[in-house]
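# Descriptive analysis of the structure
Below are the chains, spelled out letter by letter.
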Amino acid sequence: QVQLVESGGGLVQAGASLRLSCAASRLTYNMDPMAWFRQVPGKEREFVAASWNGGLSTYADSVKGRFTISRDNAKNTVYLQMNSLKPEDTAVYYCKAGIGGTAYWGQGTQVTVSS
């Protein structure tokens, strides 16, 4: 089993920045893609960003220009740098890692942005 642990969430004011981290419990050679999702209670889980080995990254339109996904394979860690945060970014953020045909999810970290 692979466990993903997110960290870096918190309560911030609009315009502030946060850096989320997601670390896998053990080294895995093939982790592709790694991604971030977010979810508000009562709503469907929403795609935020994804990173593939080789440098390809994709983003939801709502976060383009503000969020940046990156990864450090040596540390089995994926990051989400969030700048210019808005109240509508408030959600639980989940890390997802693809290993072979299996998707692994983290427990989530709460991000709350006040106006």
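Preceding block: the structure.
For the structure given in this document, a descriptive report is provided here. (Residues numbered from 1 in each chain as written. Predicted model: local features only at pLDDT ≥ 70, side-chain atom pairs only at ≥ 80, totals over all residues. Heavy atoms only, no water.)

Inspection of the secondary structure assignment puts Arg71 in strand S7 (residues 67–72). Here the side chain of Arg71 touches Ser51 through a polar contact of 2.8 Å, landing on its backbone oxygen. Within the structure, Arg71 has its side chain in polar contact with the side chain of Asn73 (distance 3.2 Å). Every residue in contact with Arg71, bar those within four places of it in the chain, is listed here: Met31, Asp32, Met34, Ser51, Trp52, Asn53, Thr77 and Val78. (Helix = DSSP H or I, 4+ residues; strand = E, 2+ residues; numbered from the N terminus. Polar contact = N/O pair within 3.5 Å; in protein donor to acceptor, adjacent residues only side chain to side chain. Contact = heavy atoms within 4.5 Å.)

Let us now look at the state of the cysteines. This structure, assessed with the given rule, holds one disulfide. Shown here is the disulfide that connects Cys22 with Cys95, its sulfur atoms set 2.1 Å apart. Because the sign of the S-S torsion sets the handedness, a value of about -80° for the bond joining Cys22 and Cys95 places this disulfide among the left-handed ones. Of this pair, Cys22 sits in strand S3 (residues 18–24) while Cys95 is found in strand S9 (residues 91–99), placing the two residues 73 residues apart along the sequence. Per residue, the accessibility class of Cys22 equals that of Cys95, and both read buried. (Disulfide = S-S within 2.5 Å. Buried < 20%, exposed > 50% of the residue type's maximum accessible area, 1.4 Å probe, protein only.)

Here we come to the nonpolar core. In terms of nonpolar packing, the biggest core is built from 28 residues, with Leu4, Trp36, Val48, Phe67, Leu80, Met82 and Tyr93 touching the most fellow members. When contributions to this core are tallied by element, the ones reaching two or more residues are S3, strand S4 (34–39), strand S5 (46–51), S7, strand S8 (77–82), S9 and strand S11 (109–114). If we skip the residues at most four places from it in the chain, Leu4 touches Cys22, Ala23, Ala24, Cys95, Lys96, Ala97, Tyr104, Trp105, Gly106 and Gln107. (Core = buried A, V, L, I, M, F, W, Y, C linked by side-chain atoms within 4.5 Å.)

The next subject is the pairing of S5. Two elements, S4 and S5, share five bridges in a ladder whose sense is antiparallel. Residue pairing across strands places Arg38 opposite Glu46, the latter belonging to S5. Connecting S4 to the next strand, S5, in antiparallel fashion are six residues, including Gly42 with a positive phi near 85°. Across three bridges, the pairing between S5 and strand S6 (residues 57–59) is antiparallel. Residue pairing for S6: Ser51 is matched across the bridge by Ser57. In textbook terms, the turn of a hairpin is the stretch between consecutive antiparallel strands, and for S5 and S6 this stretch comprises five residues, one of which, Gly54, has a positive phi near 110°. (Pairing = 2+ DSSP bridges.)

Remember, this is a structural readout, not a statement about activity or role.
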